[in-house]
Amino acid sequence: MWKPVRDLASLTTRTQRVGQQMGPSVEVPALVRIENEHWVFERIEETTLYNLTHRLVLPSDDGDRILGVTEDFSTAIEVARCMAENDGKVVMIQPI
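Notes on the structure in this doc start here. (Residues numbered from 1 in each chain as written. Predicted model: local features only at pLDDT ≥ 70, side-chain atom pairs only at ≥ 80, totals over all residues. Heavy atoms only, no water.)

### Brief notes about the side chain of T70
For clarity, the cut-off: Only DSSP runs of H or I with at least four residues qualify as helices, and only runs of E with at least two residues qualify as strands; both kinds are numbered from the N terminus onward. Two residues form a contact once any of their heavy atoms are found within 4.5 Å.
Along the polypeptide, T70 turns up in strand 4 (residues 65-70). Residues in contact with T70, not counting those within four places in the same chain, are L52, T53, H54, L56, T75 and A76.

As structure tokens, this is what we get:
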């Protein structure tokens, strides 16, 4: 008879120990996306980072969540508009 709690106890303990050794979590932007059921690995050139102008932020009770950044204000407005229309969510646009 399978007893998942007992069988996975060592895995849970090891995971918690490793997590404590790693230190606090930090938010890292995704460098992988799924497109047509295939994983696409992305790389960002350093020059692209200097051209980013606006941050898209989704406010919530648990704290603000950064959705991404854009290269211009019109793109930020378009993303915020689409999320409001499709998801009923309000997105804040912050200058970087």
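### Quick word on unusual backbone geometry
Just so we agree on the cut-off: Each residue gets one of three labels from its accessible area relative to the maximum for its type: buried under 20%, exposed over 50%, partly exposed in between, using a 1.4 Å probe on protein chains only.
Positive phi, close to 50°, is recorded for N36, a residue that is not glycine. Its place among the elements puts N36 in the loop between strand 1 (32-35) and strand 2 (38-41). For N36, a relative accessible area of 68% puts it in the exposed group. A positive phi angle, close to 65°, is found at E37, a residue other than glycine. Of note, E37 is situated in the loop between strand 1 and strand 2. The class of E37 is exposed, set by a relative accessible area of 77%.

### Description of the pattern of salt bridges
This is how the line gets drawn: Think of a salt bridge as a Lys or Arg side-chain nitrogen and an Asp or Glu carboxyl oxygen that are within 4 Å of each other.
Counted according to the given criterion, the structure contains two salt bridges. In this structure, E78 engages R81 in a salt bridge whose closest nitrogen and oxygen atoms are separated by 2.4 Å. Of the two residues, E78 and R81 are both situated in helix 4 (residues 73-87); the distance of three residues between them amounts to about one turn of the helix. By relative accessible area, E78 is classed as partly exposed at 36%. With a shortest N-O distance of 2.7 Å, E85 and R81 are connected by a salt bridge. Of the two residues, E85 and R81 both sit in helix 4, four residues apart, roughly one turn of that helix. Overall, E85 belongs to the exposed group, its relative accessible area being 55%. The class for R81 is partly exposed, based on a relative accessible area of 36%. If you follow the salt bridges from partner to partner, you end up with E78, R81 and E85 in one network.

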